[in-house]
Amino acid sequence: MRFAALVFTIALVTALPADEPRRNPFRDGSGKGGPDPTQKPTPPAPKVVTPTPKADPGPDLKTAPRVRRGADLGVGRLVADVAFTDLAGKAGKLSDYRDKACLAVALTDPGCPLCQKFAPVLARLEKEYAAKGVAFLFVNPLAGDADAIKADAARLGGRYVADPKLAAAVGATSTTEVVVLDPARTVVYRGAVSDQYGLGYAHDAPRNTYLAAALEAVLAGRAPKPAATTAPGCDIVPGAAPPTPLDFHARVERIVQQNCVQCHRAGGTAPFALETYDQLVARRAVVKRAVADTVMPPWYAAAPAPGEHTPWLNDRSLTPADRADLLAWLDGDRPKGNPADAPRPRAFETGWLIGKPDAVFELPQPVPVKAEGVMKYVNITVPTGFTEDKWVVAVEVQPTARQVTHHALVFAAQPGDPTRGEGEGFFAAYAPGSTALVYPDGYAKKLPKGAALRFQLHYTPNGTATEDRTKIAMRFAKAPPKHEARVAALANGKFVIPPGDANHKIVSDAQFFPPRFLQPAWYQPARVLAFFPHAHVRGKAARFELPGENGEPTRLLLNVPRYDFNWQLEYRLTEPVHVPAVTKLVYTAWYDNSAGNPANPDPTVPVRWGPQTFNEMHLGYVEYVLDR
C-alpha cells in the first residue's frame, strides 16, 4: 500500500494557466505539504487583520424549511385515535383511515398568508393522490372566524376539521405543517409541503417537494427521506396531546422498530433478534445495559446541547425521551398493551436498497474466512472497464457474509495507478447497519473512466469458517450534476505513539495555496457534506475543526469523544457546512496505547502507521462540494 499524508483543499484552484508552476502538496509526506524545490516559492500569507466588531443583525428575516432528524420531531410515534366532527357535521376518528395507504393531516389557517399560498398546491395533491389510496384531512387549529373557515374549506376542497384537539393530537406547531400517518397511526413524515414559499420569500417553483416525495416513498414501501423538516408558517401554541401508554405495542415496539431491528432481526447482522415481545423480554438485561451505557444504537458523536437539534442526518442515537421510556419499561413490569396499537411490521428490502442498479461489481473469487483468530486486511482490485466518466448518484456495498465482515472500504483507484486511493480515492463503505448512500437531486460523485475499484476488507472470525464475496452496486445520472461530491483525506502518517501513552494526540490539517497567492479569484469556498474518522483499536477520540478567519473563533464541526473501531461510522450533515476560501480544516485524534486499553494488542511497543489493526492510522475523510 502506498500512502502519503494527504493535503485536503477546501480552497481549490479552478483553472490555473498551463504555464503556471504548481506547488506540490504531497512532496514530503509530512501532512504539511512541503515545498517543491523545482517550483517557485509561495509568497507569504497576508497579514491577518482583526475585524471591527459588528452589531448583532438579529434573527434572519427569511426562513425556509430545514431538514431535521425524524425522531426529534416525533416521526415513529403513535398518534392517539382522536374523534372529531368535520365542517359538514360528519363524525369521524383517525382509525377510520386504516384502509388507506396513508393519511396526510394538513394544518391550515385562513389568517396565515403562507397557508393561502400553499392551498392550491394541497388541493392538487389531494386530487392527484386520492386514486393512489392517500387520504387528506385539513385541520384548522385555531377555530376562529366561521365565514373565513368556510371560505378556506371551499378553497381546499377536501374534508375539513376546525378542532384544536385534533391539531394537538398530531403535535402540530405550525399552520403550514403536514403530518403523514400510516394505517397504524404511526407518524412517517412531519414537515413542509415544499420550499416554494417561506417566511419573507417566494419562488416561481419549489426546489424541494418534501410532501410529494414523502407520499411517493410511503407508496413504494420506503421510509421518507427526509422524514422531517421544519414548516415555516404561523406558530401554534402546542396543545396537550393524549398520553401514549407506556406499553410494548403503543410505545416500546415502535422504539425498537425504529432503532434496533434493522440489525436485530432474522437474517440481520446482529447476533440475536428483537422483533417480538418475547425476544425483547428475554434479552432485557443486555438491552438495558447497552441502552443505559449509550453503546446501542451505535452512535458516537457528542450529543447536541439541550434544546438544540442534532446536526446529523443519519444520527442513530436514541432521543432522550425514547431512551427514558425504553429503560423505564425494561425496569418495570413490561406491559404488553393493546395489540390494536401495534405498529405495522417493518419491511426490509431483500435486494439493493438503492433500487435497481446500473452496474454491479463483485470480488472475482470468494474470500475464505477462517473460524478462529485474527485475519489481516484483504485488498482486492476489480477493474470497472468504463470507457467514459460515470456520475454516481447512489452506491451500496453488500458483503455476502455480513456476520463476519467488520467493515469494507472501497477506493476508486486512478487509471494506471492501482495502489492509489487511500486518500482522495475513498469511494464507498460498508459497516453493520450502514450500507447505502443516495445523493439528493443535483449531487453525484464522479467515477473516472478506466478507474478500478479497490476493496479493503476487514473480517472478524466468529467461530464458524465461511467465505465472502462482497459486491458494490451503483446508479448513474444521465448528465453531469450541478454539484460534484468529492472526498479528501486529512492524514498524518509520520507519527509514533509511545508505549504506555494513554492519551497521545495527533493532528493533521488540509490546505492548498496556488502559487499566485494574491489572486483570490482562484480560490473557491466549499460546503462540507460528511465526515468519516478512521483509526484502529488504539483510537480513543476524534474531532474536526474549522479555524476562524480574521480573528473569528474556531468552530467545532464534529466531536467524537468515544471512538469505537468496531463501528466505522459516517457522520452526514443535515445541512452542509460552509467553508470560506483559503481556509483549512483540522483533524485531531487521540490514541490509547496503555495497558488500560483492553483492545490494545501490545502496550509495550511504539506504534506507527500501518494497515493492520495492531498498527494505527490517523485518517479523517471529508466529503464536500465546491460552492460555485
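Source: prediction; values computed, not measured.

Draft legend 1. A look at the pattern of salt bridges. Per the stated rule, a full pass over the model turns up 22 salt bridges. In this structure, Glu 177 engages Arg 190 in a salt bridge whose closest nitrogen and oxygen atoms are separated by 3.7 Å. Of this pair, Glu 177 sits in the loop between α3 (164–169) and β6 (178–181) while Arg 190 sits in strand β7 (residues 187–191), and the two are 13 residues apart along the sequence. For the pair Glu 177 and Arg 190, a shared accessibility class is recorded, and that class is buried. For Asp 325, the salt bridge is made with Arg 251, and the minimal N-O distance between the two is 2.8 Å. Residue Asp 325 is located in helix α8 (residues 320–331), and its partner Arg 251 is located in helix α5 (residues 248–259); the two are separated by 74 residues in the primary sequence. Given a relative accessible area of 4%, Arg 251 falls into the buried group. Taken together, the shared-partner salt bridges in this structure form one network comprising Lys 445, Glu 570, Arg 572 and Glu 623.

Draft legend 2. Examining the sheet that holds strand β15 (residues 426–430) more closely. Taking strand neighbours across the sheet as the criterion, the 4 strands line up as β12-β18-β14-β15 in an open arrangement whose pairing is antiparallel. A single partner strand is all that each edge strand has here, and the edge strands are β12 (378–383) and β15. Looking at each pair of strands side by side, their axes are set apart by 20 degrees on average, direction ignored.

Draft legend 3. Representation of helix α2 (residues 146–156) within the structure. Among the residues of α2, Ile 149, Asp 152, Ala 153 and Leu 156 are the ones counted as buried. Each buried residue of α2 sits inside an arc of 100 degrees when the element is viewed along its axis, so together they form one side. Exposed side chains of α2 directed beyond 90 degrees from the buried face belong to Asp 147, Lys 150 and Ala 154. Looking at the buried residues of α2, the elements they touch are α1 (113–130), β4 (134–140) and β5 (160–162). The distance from a side-chain oxygen at the start of α2 to the backbone nitrogen of Asp 147 is 3.1 Å, and the residue carrying that oxygen is Asp 145. The positive-phi residue at the C-terminal boundary of α2 is Gly 157, with phi of around 85 degrees.

Draft legend 4. Summary view of the nonpolar core. Ranked by internal contacts, the top residues of the largest apolar core, which has 48 residues, are Trp 312, Val 528, Phe 531, Leu 558, Tyr 571, Leu 585 and Tyr 621. Those elements that place two or more of their residues in this core are β14 (405–413), β21 (483–491), β23 (526–534), β24 (539–546), β25 (555–560), β26 (571–579), β27 (585–591) and β28 (619–626). If you look at the next biggest cluster of nonpolar residues, it comprises 36 residues, including Ala 412, Leu 447, Leu 453 and Tyr 459.

Draft legend 5. Region of the structure containing the sheet that holds β6. Spatial strand order, β5-β4-β3-β6-β7: 5 strands in an open sheet with mixed pairing. Edge strands, defined here as strands with exactly one partner in the open sheet, are β5 and β7. Put simply, the sheet's adjacent strands are angled 20 degrees from each other on average, direction ignored. Note that β4 and β5 share 3 bridges and pair parallel. The partner of Phe 138 across the bridge, within β5, is Tyr 160. Running at roughly 150 degrees to β4, α1 makes contact with β3 (102–107), β4 and β6 of the sheet. α2 rests against β4 and β5 of the sheet, and its axis sits at about 155 degrees to β5.

Draft legend 6. Representation of α5. Counting buried positions along α5 gives 10 out of 12 residues, so the element sits mostly inside the fold. Of the residues making up α5, those classed as buried are Phe 248, His 249, Ala 250, Arg 251, Val 252, Glu 253, Arg 254, Ile 255, Val 256 and Gln 257. Where α5 is buried, its residues contact α6 (277–282) and α8. Between the side-chain oxygen at the start of α5 and the backbone nitrogen of His 249 there is a gap of 3.3 Å, and the oxygen is on Asp 247.

Draft legend 7. Just the packing of α5 against α8, in detail. At a minimum axis distance of 10 Å, the contact between α5 and α8 shows a crossing angle of 120 degrees. By the angle class used here, α5 and α8 are oblique. Considering the relative orientation of α5 and α8, their crossing is left-handed. Each of Phe 248, Arg 251, Val 252, Ile 255 and Asn 259 in α5 lies in contact with α8, whose residues at this interface are Ala 321, Asp 322, Asp 325, Leu 326 and Trp 329. Tallied by class, the residues present in the contact of α5 with α8 amount to 6 nonpolar, 1 polar and 3 charged.

Draft legend 8. Broad picture of the packing of aromatic side chains. Enumeration according to the criterion identifies 18 aromatic pairs in this entry. Judged by centre distance (6.0 Å) and plane angle (70 degrees), the ring pair of Trp 312 and Tyr 571 falls under edge-to-face. With Trp 312 in the loop between α7 (284–292) and α8 and Tyr 571 in strand β26, the pair connects residues that are 259 residues apart, well separated along the chain. Here the two residues Trp 312 and Tyr 571 agree in accessibility, since each one is buried. Considering the side-chain rings of Phe 426 and Phe 532, the 5.4 Å spacing of their centres and the 50 degrees angle between planes classify their relative orientation as tilted. With Phe 426 in strand β15 and Phe 532 in strand β23, this residue pair connects regions lying 106 residues apart in the sequence. Given a relative accessible area of 11%, Phe 426 falls into the buried group. Phe 532 sits in the buried class, given a relative accessible area of 5%.

Draft legend 9. Region of interest: the packing of α1 against helix α4 (residues 210–219). Interhelical geometry of α1 versus α4 gives an angle of 15 degrees and a closest axis separation of 12 Å. Judged by the inter-axis angle, α1 sits roughly parallel to α4. α4 is crossed by α1, and the crossing has right-handed handedness. Of α4, the residues touching α1 (which contributes Leu 122, Leu 125 and Tyr 129) are Leu 211, Ala 212, Leu 215, Glu 216 and Leu 219. Across the contact of α1 with α4, the residue classes break down as 7 nonpolar, no polar and 1 charged.

The rules behind each value
Residues numbered from 1 in each chain as written. Predicted model: local features only at pLDDT ≥ 70, side-chain atom pairs only at ≥ 80, totals over all residues. Heavy atoms only, no water. Salt bridge = Lys/Arg side-chain N within 4 Å of Asp/Glu carboxyl O. Helix = DSSP H or I, 4+ residues; strand = E, 2+ residues; numbered from the N terminus. Buried < 20%, exposed > 50% of the residue type's maximum accessible area, 1.4 Å probe, protein only. Pairing = 2+ DSSP bridges. Axes fitted to C-alpha atoms, helices over the stretch in contact; angles between N-to-C directions. Arc of directions from axis to C-beta. Contact = heavy atoms within 4.5 Å. Polar contact = N/O pair within 3.5 Å; in protein donor to acceptor, adjacent residues only side chain to side chain. Core = buried A, V, L, I, M, F, W, Y, C linked by side-chain atoms within 4.5 Å. Parallel < 35°, antiparallel > 145°, perpendicular 65-115°, else oblique. Left-handed = near helix turned anticlockwise from the far one by under 90°. Nonpolar A, V, L, I, M, F, W, Y, C, P; charged D, E, K, R; others polar. Phe/Tyr/Trp six-rings, centres within 6.5 Å; stacked < 30°, edge-to-face > 60°.

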